[in-house]
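One letter stands for each residue in the lines below.
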Amino acid sequence: MTTTSETITAAAAGSWQLGDLTVNRIGFGTMRLPQRGPALRADAVPRDRATAIAVLRKAVELGVNHLDTAAFYFSPLRSANELINRALAPYADDLVITTKVGPCRLPSGEWGEHARTPGALRGQVEENLRQLGRDHLDVVNLRIVGGDSIAERFGALAELREAGLIRHLGLSNVRPAHLDEALAIAPVVCVQNPYGIGAPAEQEEMLRLCGERGVAFVPFYAIAGVGRERGAGAGGAGGEDEEVLAVARERGVSAAQVRLAWTLGRGAHVLAIPGTGDVDHLVDNVAAGALRLTPAELSRLTRTP
Ligand SMILES: NC(=O)c1ccc[n+]([C@@H]2O[C@H](COP(=O)([O-])OP(=O)(O)OC[C@H]3O[C@@H](n4cnc5c(N)ncnc54)[C@H](OP(=O)(O)O)[C@@H]3O)[C@@H](O)[C@H]2O)c1
């Protein structure tokens with residue numbers, strides 16, 4: 001599979017509807033693009049612009065039509081939104097750009113206070129519009145921390161949706177009660193939570209609930225796992241899982257592909273947004289959409305939380 005993966009496109013993973021927008025189930029996360037190594041740090045090492053642009057253009061060439069971004073994805077010299085704009089504008093009609101609001105990074109790169117008021121959230125929406133060079137945002141996720149009510153914040157975004165600045169709304173880093181709270185206010189097209197092989201029971205529950213409600217479940221860290229934003233490669237900082245490696249060897253694919261295929265195998269409503277700054281890894285990740293693990297392989301890789 002690795003040798004032929006150049007020809008496999010994102011369509012191989014099948015598609016899903018985010019409201020009225022159709023996306024291939026393999027998308028692309030842009031958090032890794034603005035820097036080499038660990039993301040979201042004030043002292044990040046900026047990535048070469050030409051490389052980042054080449055990755056984005058290759059993703060679209062391979063049929064990726066769902067990008068995940070945020071205005072707070074930036075390094076001292078690059079921002080994910082600027083790179084997307086530079087690489088892909090004017091945007092194809094079928095390209096869906098999902099962004100997220102809530103977290104705030106100051107121009108210095110240090111973290112600021114989360115946006116909690118309607119005015120602060122509107123400011124973040126407008127910042128994304130300016131950076132992406134658009135008049136509306138396809139999907140905006142309210143990204144939260146903690147268990148507080150999201151009614152006021154989600155209500156504020158619902159008003160921006162009514163005003164035409166946002167087409168569809170989603171949630172990120174949420175619990176089941178948040179989803180129900182939001183659904184009582186406005187339609188929710190996706191939930192973006194950390195998930196992958198070995199995910200805890202609460203995330204399995206969130207995945208299941210999303211399926212029941214027809215909401216896309218869009219995991220982050222599906223490849224990195226426990227390594228997360230610290231910048232570790234597939235499998236994370238602790239090294240790759242033995243079972244993942246064994247299945248990869250048996251199928252002649254990469255460990256990252258096994259992780260992505262397992263994740264996509266959890267339900268038709270599960271989308272992937274793997275992040276990379278490496279064209280070969282991108283090709284590998286897109287090709288994972290064609291990898292169908294057998295029921296035996298799926299259960300072998302499934303950990304009891
Ligand atoms: N909502 C949220 O709170 C939230 C949080 C974090 C991330 N996200 C989004 O989710 C996306 C995915 O998360 P992520 O990028 O942190 O993690 P990920 O996609 O699980 O893994 C990315 C890591 O795996 C490596 N990698 C990717 N493809 C590989 C391959 N084929 N073989 C070997 N290594 C590979 C990357 O390094 P290389 O660059 O060397 O390939 C990077 O270190 C992000 O880009 C971002 O858009 C959302």
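This structure is a prediction, so every number in the text was calculated from the model and none was measured. (Residues numbered from 1 in each chain as written. Predicted model: local features only at pLDDT ≥ 70, side-chain atom pairs only at ≥ 80, totals over all residues. Heavy atoms only, no water.)

(A) Structural detail: the packing of aromatic side chains. The full count for this structure, using the stated rule, is five aromatic pairs. With a centroid separation of 5.2 Å and an interplanar angle of 75 degrees, the aromatic rings of Phe-72 and Tyr-73 are classed as edge-to-face. Accessibility expressed as a relative area gives 7% for Tyr-73, which makes it buried. A ring pair is formed by Tyr-195 and Trp-262, whose centres lie 5.7 Å apart and whose planes are at 20 degrees; its orientation type is stacked. Of the two residues, Tyr-195 is situated in the loop between β10 (190-192) and α6 (201-213) and Trp-262 in helix α8 (residues 255-264); the sequence distance between them amounts to 67 residues. When sorted by exposure, Tyr-195 lands in the same class as Trp-262, which is buried. One aromatic cluster is present, built from ring pairs that chain together Phe-72, Tyr-73 and Trp-111. Over the ring of Phe-74 we find Arg-105; its NZ or CZ atom is 4.1 Å from the centre of that ring. The cationic tip of Arg-105 hangs over the ring face of Trp-111; the distance from NZ or CZ to the ring centre is 5.8 Å. (Phe/Tyr/Trp six-rings, centres within 6.5 Å; stacked < 30°, edge-to-face > 60°. Buried < 20%, exposed > 50% of the residue type's maximum accessible area, 1.4 Å probe, protein only. Helix = DSSP H or I, 4+ residues; strand = E, 2+ residues; numbered from the N terminus. Lys NZ or Arg CZ within 6 Å of the ring centre and 35° of its normal.)

(B) Structural detail: the pairing of strand β1 (residues 15-18). By the alternation rule, side chains of β1 split into Trp-16 and Leu-18, which are all buried, and Ser-15 and Gln-17, of which none is buried. Taken together, the four bridges between β1 and strand β2 (residues 21-24) define a ladder with antiparallel strand orientation. Within the sheet, the bridge partner assigned to Ser-15 lies in β2 and is Asn-24. Taken together, β1 and the strand that follows it, β2, pair antiparallel across an intervening segment of two residues, in which Gly-19 is found at a positive phi of about 60 degrees. (Pairing = 2+ DSSP bridges.)

(C) Structural context of the nonpolar core. Core analysis: the largest hydrophobic core is formed by 76 residues, its most contacted members being Val-125, Phe-154, Leu-157, Leu-171 and Val-191. If you tally residues by element for this core, the top one is α8, at seven residues. Apart from the residues lying within four places of it in its own chain, the contact partners of Leu-157 are Val-101, Leu-121, Val-125, Val-140, Leu-142, Ile-166 and Leu-169. (Core = buried A, V, L, I, M, F, W, Y, C linked by side-chain atoms within 4.5 Å. Contact = heavy atoms within 4.5 Å.)

(D) Unusual backbone geometry, seen in detail. That bond from Ala-89 to Pro-90 is cis: its omega, -5 degrees, falls within 30 degrees of zero. Considering the arrangement of structural elements, one finds Pro-90 in the loop between α2 (80-88) and β7 (96-101). Phi is positive for Leu-40, which is not a glycine, with a value near 60 degrees. Considering the arrangement of structural elements, one finds Leu-40 in the loop between β4 (35-36) and β5 (45-46).

(E) Inspection of the packing of helix α5 (residues 176-183) against α6 at higher detail. One can describe the packing of α5 onto α6 by two numbers: an axis separation of 10 Å at closest approach and a directional angle of 25 degrees. Of the possible angle classes, the one that applies to α5 and α6 is roughly parallel. Taking contact as the criterion, the partners of Pro-176, Leu-179, Asp-180 and Leu-183 in α5 are, on α6, Glu-205, Met-206, Leu-209, Cys-210 and Arg-213. Broken down by class, the residue content of the contact of α5 with α6 amounts to six nonpolar, no polar and three charged. (Axes fitted to C-alpha atoms, helices over the stretch in contact; angles between N-to-C directions. Parallel < 35°, antiparallel > 145°, perpendicular 65-115°, else oblique. Nonpolar A, V, L, I, M, F, W, Y, C, P; charged D, E, K, R; others polar.)

So far we have only geometry, and geometry alone does not tell us how the molecule works.
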